[in-house]
Each structure stands twice: as structure tokens, then as C-alpha cells.
Amino acid sequence: MASLTLVTATKNPGKVRELAALLADMDVRLLSLADFPELPDIPEEGATFAENARFKAKETARLTGLPALADDSGLEVAALGGRPGVFSARYAQDRTAPRPPTDEDNWRKLLDEMQNVPWGERRARFVCEIALALPDGRVFRAKGECPGYIALQPEGEQGFGYDPVFWLPEYGATMASVGLEVKNAISHRARALNELKKILHKLAREAAAAGN
Ligand code: ITT
């Protein structure tokens, strides 16, 4: 039984899957918001990834009494002045539609907007801010980025979000084609979480000592 229990402050199953794999080598038991169905939705109204991550983590730690790890992330496209950015999950939102946009709605809209943008100007990056909030009020944060290009057409079935249209020149493939192991070696999320691993190891040691 792991000594440190963490809750991921996310409703996105793709993020939970990746975070769980990234933490698999640690003495950590990872819960998600699916384990706390009674919790209210936490609004994302910040102007930056960092603000949103911090708020989601702090609220989840407060509501569950557990250390909470929140990821706020998105895609910044150079030719679009950094859009969709913090609005990545809601990019193709249609206020008259009965449901929020799907991942495919979002990347199709992006490909449409980028239709006339030549290859050399299709640079983009995934950005991830992770915040770790402790029930005692302390908050730790880290940022990760992953550079790439917006593909001309979708490719691949793995991952989530914009992965089918995020081209990695060093692999000659999209993020949705390279598989979880490669994604977790290079992604914005992996880079952000790696920065927090030192503090997570320390918390795990403290929890183990307290349990003995
Ligand atoms: P939570 O707020 O519950 O964590 P969310 O999906 O709404 O889930 P965000 O507000 O952080 O999360 O929005 C992130 C969006 O950015 C996500 O829905 C994807 O469209 C995109 N995104 C983030 N990381 C990605 C990744 O690794 N691969 C592909 N798309 C990603």
C-alpha cells in the first residue's frame, strides 16, 4: 500500500492516464475526481494556465483534504498569435449547441483555420502548468512545453485532444501515433511533472515516516 495518496484535479481521462503512468515508479496512490463524484465543478476562469492550475489544485485539496495535483494545459499556435491557448478545450464551442465540443470538433476547427498556412509557419507548442496543492495551504508549481507543428491532416488514434494534428518532426509522426511511452518521455505534461518529482518524493518519504 502506497504511503502518499494524491488526487488529480482533472475530469479529463486522457490526462489521468498519462499522469498515472508518469507516477507509476513512485510510492504514490493516485485518485481522480471520478473517486469524488459528489464534488462540485471547479470553474476555470483564469487568464493563464498557471492561474487555472493553481485554483483547481487548491480547491480540490480544500474539498478532499488530500494533496491535489492539477494540470492546466493547451495548445499555442504561432500563426494564430498563441490561440487557442487557455481556451483549447472550448475552441470550437458553439453556445447554441447542446453539448461542449469534442476533441475532434476542436482539431477540425484548427485545421480549417490553418488551411492556407504554409508548412514553415505551422509552428506550435503544447504547454502544461501543474500545481500541487497541500491541505496545509502550500502550493508548488511547474511548467512544461513541447514544441511541434500543426499537421496538414490528422493521423493516429492514441492520446487525446489535439494529438492527431500535432506533428513531431523528430519522429516523423503525430503525437497520436507515437504511443504513450514516447509521449510520456517528451510531453509538456511529463516535463512539468518531472520538475515536481523531487517534492513528491519528499512528501512520500514524510508520509511513510508518519505511517511507521
Ligand atoms: P480538466 O480541466 O478537468 O483537467 P480539460 O480537458 O478541460 O480537463 P484543460 O482545461 O487543461 O483540461 O484543457 C486542456 C485542453 O488542451 C484539452 O482538452 C486538450 O484539448 C488540450 N490538450 C492539453 N494537453 C494535451 C495533450 O497532451 N494532447 C492533446 N491535447 C492536449
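Everything below is about the structure printed above this text.
Because the structure is predicted, anything quoted here is derived from the model rather than measured. (Residues numbered from 1 in each chain as written. Predicted model: local features only at pLDDT ≥ 70, side-chain atom pairs only at ≥ 80, totals over all residues. Heavy atoms only, no water.)

Novice: Give a detailed account of unusual backbone geometry, specifying residues and quantitative values.
Specialist: The phi torsion of most residues other than glycine is negative, and most of the peptide bonds are trans. Each neighbour pair has its own omega, and for Arg83 with Pro84 the value is 0°, a cis peptide bond. Relative to the helices and strands, Pro84 resides in the loop between strand 3 (68-77) and helix 3 (103-113). (Helix = DSSP H or I, 4+ residues; strand = E, 2+ residues; numbered from the N terminus.)

Novice: Residue-level account of the pattern of salt bridges, with values.
Specialist: In the structure shown here, the tally under the stated rule is 19 salt bridges. Between Asp41 and Lys11 there is a salt bridge, with its nearest N and O atoms 2.4 Å apart. One end of the pair, Asp41, is in the loop between strand 2 (28-32) and helix 2 (49-64); the other, Lys11, is in the loop between strand 1 (4-8) and helix 1 (13-22), with 30 residues separating them in the sequence. As far as the burial class goes, Asp41 and Lys11 line up, both exposed. As a salt-bridge pair, Lys197 and Asp25 come within 3.3 Å of each other at their nearest N and O atoms. With Lys197 in helix 5 (residues 188-211) and Asp25 in the loop between helix 1 and strand 2, this residue pair connects regions lying 172 residues apart in the sequence. Residue classification places Lys197 among the buried residues on the basis of a relative accessible area of 14%. Among the residues examined, Asp25 registers a relative accessible area of 60% and is labelled exposed. It is possible to trace a salt-bridge network through shared partners that takes in Lys15, Glu18, Asp71, Asp163, Lys183 and Arg189. (Salt bridge = Lys/Arg side-chain N within 4 Å of Asp/Glu carboxyl O. Buried < 20%, exposed > 50% of the residue type's maximum accessible area, 1.4 Å probe, protein only.)

Novice: Could you give an account of the pairing of strand 5 (residues 139-150), naming the residues involved and the relevant values?
Specialist: Two elements, strand 4 (residues 123-133) and strand 5, share 11 bridges in a ladder whose sense is antiparallel. Looking at strand 5, one finds that Ala133 is bridged to Val139. In this antiparallel pair of consecutive strands, strand 4 and strand 5, the connection spans five residues, and Gly137 shows a positive phi of 100°. Sheet analysis places strand 5 next to strand 6 (residues 166-168), joined by two bridges and oriented antiparallel. (Pairing = 2+ DSSP bridges.)

Novice: Account for the sheet that holds strand 3, naming residues and giving values.
Specialist: Spatial strand order, 2-1-3-4-5-6-7: seven strands in an open sheet with mixed pairing. Every interior strand has two partners, whereas the edge strands, strand 2 and strand 7 (173-174), have only one. Bridging between strand 3 and strand 4 involves 10 bridges; their strand directions are antiparallel. Following the sheet pairing, Ser73 is matched in strand 4 by Cys128.

Novice: For the side chain of Lys183, give the residues involved together with the corresponding values.
Specialist: Secondary-structure assignment places Lys183 in helix 4 (residues 179-186). Since its relative accessible area comes to 3%, Lys183 is described here as buried. Ignoring any residue separated from it by four or fewer positions in sequence, one finds Lys183 in contact with Glu18, Phe160, Asp163, Met175, Val178 and Arg189. (Contact = heavy atoms within 4.5 Å.)

Novice: Please set out the packing of helix 1 against helix 4 residue by residue, giving values where relevant.
Specialist: At a closest axis distance of 10 Å, the pairing of helix 1 and helix 4 adopts a crossing angle of 75°. Classified by the angle their axes make, helix 1 and helix 4 are roughly perpendicular. Each of Glu18, Ala21 and Leu22 in helix 1 lies in contact with helix 4, whose residues at this interface are Leu180, Lys183 and Asn184. Here the contact of helix 1 with helix 4 is composed, by residue class, of three nonpolar, one polar and two charged. (Axes fitted to C-alpha atoms, helices over the stretch in contact; angles between N-to-C directions. Parallel < 35°, antiparallel > 145°, perpendicular 65-115°, else oblique. Nonpolar A, V, L, I, M, F, W, Y, C, P; charged D, E, K, R; others polar.)

Novice: Give a description of the site of the ligand that names residues and reports values.
Specialist: The local shell around the ligand holds 20 residues, among which Thr10, Lys11, Glu44, Asp163 and Lys183 are the closest. For the ligand, an oxygen atom lies 2.6 Å from a polar atom in the side chain of Glu44. At a separation of 2.7 Å, a nitrogen atom of the ligand approaches a polar side-chain atom of Asp163. Against a free-state accessible area of 610 Å², the protein chains account for coverage of 90% of the ligand. (Near = heavy atom within 4 Å. Polar contact = N/O pair within 3.5 Å; in protein donor to acceptor, adjacent residues only side chain to side chain. Areas by Shrake-Rupley, 256 points an atom, 1.4 Å probe, with all protein chains shown as cover.)

Novice: Would you mind going over helix 2 in detail, with residue names and values included?
Specialist: Its 16 residues place the ends of helix 2 22 Å apart at the C-alpha level, agreeing with the 22 Å of an ideal helix rising 1.5 Å per residue. On its buried face, helix 2 is in contact with strand 1, helix 1, strand 3 and strand 4. Once helix 2 finishes, Gly65 follows within two positions and takes phi at roughly 75°, a positive value. (Expected span 1.5 Å × (residues − 1).)

In short, the description is geometric, and any link to function would need to be established separately.
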